[in-house]
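Observations on chain architecture
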Amino acid sequence: NANLSGASLFRANLFRANLFRANLLGVSLFNSTLIGANLYCANLSGADLSDADFRGALTDDADFSGAIGYQPSLMVE
């Protein structure tokens, strides 16, 4: 339930981070690592996900509406 809306997390290492129900509205995750992260029910609307690595991340029921660089085909291993 963290509120990180609008944060700049450029090149952040969020490997296996627990972001369950986190508010990541408009956050910049450009070139970040989210391998194995728990993003269940997270709000990533309007986020910049360009070049972010989501391999193995749990993204069920996450909101990616309006996200930049969101490519569902790259979210799976």
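Look up a bit, the structure's there.
Residues numbered from 1 in each chain as written. Predicted model: local features only at pLDDT ≥ 70, side-chain atom pairs only at ≥ 80, totals over all residues. Heavy atoms only, no water.

Secondary structure assignment for the protein chain yields 0 helices and 0 strands. In terms of its C-alpha atoms, the protein chain occupies a principal-axis envelope of roughly 25 × 20 × 20 Å. Buried residues in the protein chain amount to 35% of all 77 residues. Sequence separation of 24 or more characterises 0% of the internal contacts of the protein chain that already satisfy a separation of 6 or more. Of the roughly 4,300 Å² that the protein chain leaves accessible, carbon and sulfur atoms contribute 47%. The protein chain carries 4 positive and 7 negative side-chain charges, and their two centres are separated by 8 Å. (Helix = DSSP H or I, 4+ residues; strand = E, 2+ residues; numbered from the N terminus. Buried < 20%, exposed > 50% of the residue type's maximum accessible area, 1.4 Å probe, protein only. Contact = heavy atoms within 4.5 Å. Areas by Shrake-Rupley, 256 points an atom, 1.4 Å probe, with all protein chains shown as cover. Lys, Arg positive; Asp, Glu negative; His and termini not counted. Charge placed at Lys NZ, Arg CZ, Asp CG, Glu CD.)

So, on to the environment of Ala42. Using a relative accessible area of 1% as the deciding quantity, one classes Ala42 as buried. Placed 19 residues apart in sequence, Ala42 and Asp61 show a C-alpha to C-alpha distance of 7.4 Å. Once you skip the residues sitting within four places of it in the chain, Ala42 turns out to touch Leu19, Arg21, Ala22, Ala62 and Asp63.

So, about the packing of aromatic side chains. Counting across every chain of the model gives 4 aromatic pairs. With a centroid separation of 5.8 Å and an interplanar angle of 5°, the aromatic rings of Phe20 and Tyr40 are classed as stacked. By relative accessible area, Phe20 is classed as partly exposed at 33%. Pairing Phe64 with Tyr70 gives two aromatic rings, centres 4.2 Å apart and planes at 5°, and the pair type is stacked. Taking the relative accessible area as the measure of exposure, Phe64 reaches 10% and is therefore buried. Tyr70 gets classed as partly exposed once you look at its relative accessible area, which sits at 31%. (Phe/Tyr/Trp six-rings, centres within 6.5 Å; stacked < 30°, edge-to-face > 60°.)

Here the focus is the nonpolar core. Grouped together as the largest cluster of nonpolar side chains are 21 residues, with contacts concentrated most on Leu19, Leu34, Leu39, Leu44 and Leu49. With sequence-adjacent residues up to four places away left out, Leu44 is seen in contact with Leu24, Leu29, Leu39, Leu49, Ala62, Asp63, Phe64 and Ala67. (Core = buried A, V, L, I, M, F, W, Y, C linked by side-chain atoms within 4.5 Å.)

To continue, consider the pattern of salt bridges. The final tally for this structure, using the stated rule, is 1 salt bridge. Two residues, Arg55 and Asp53, come together in a salt bridge whose shortest N-O distance is 2.6 Å. Owing to a relative accessible area of 41%, Arg55 belongs among the partly exposed residues under this scheme. (Salt bridge = Lys/Arg side-chain N within 4 Å of Asp/Glu carboxyl O.)

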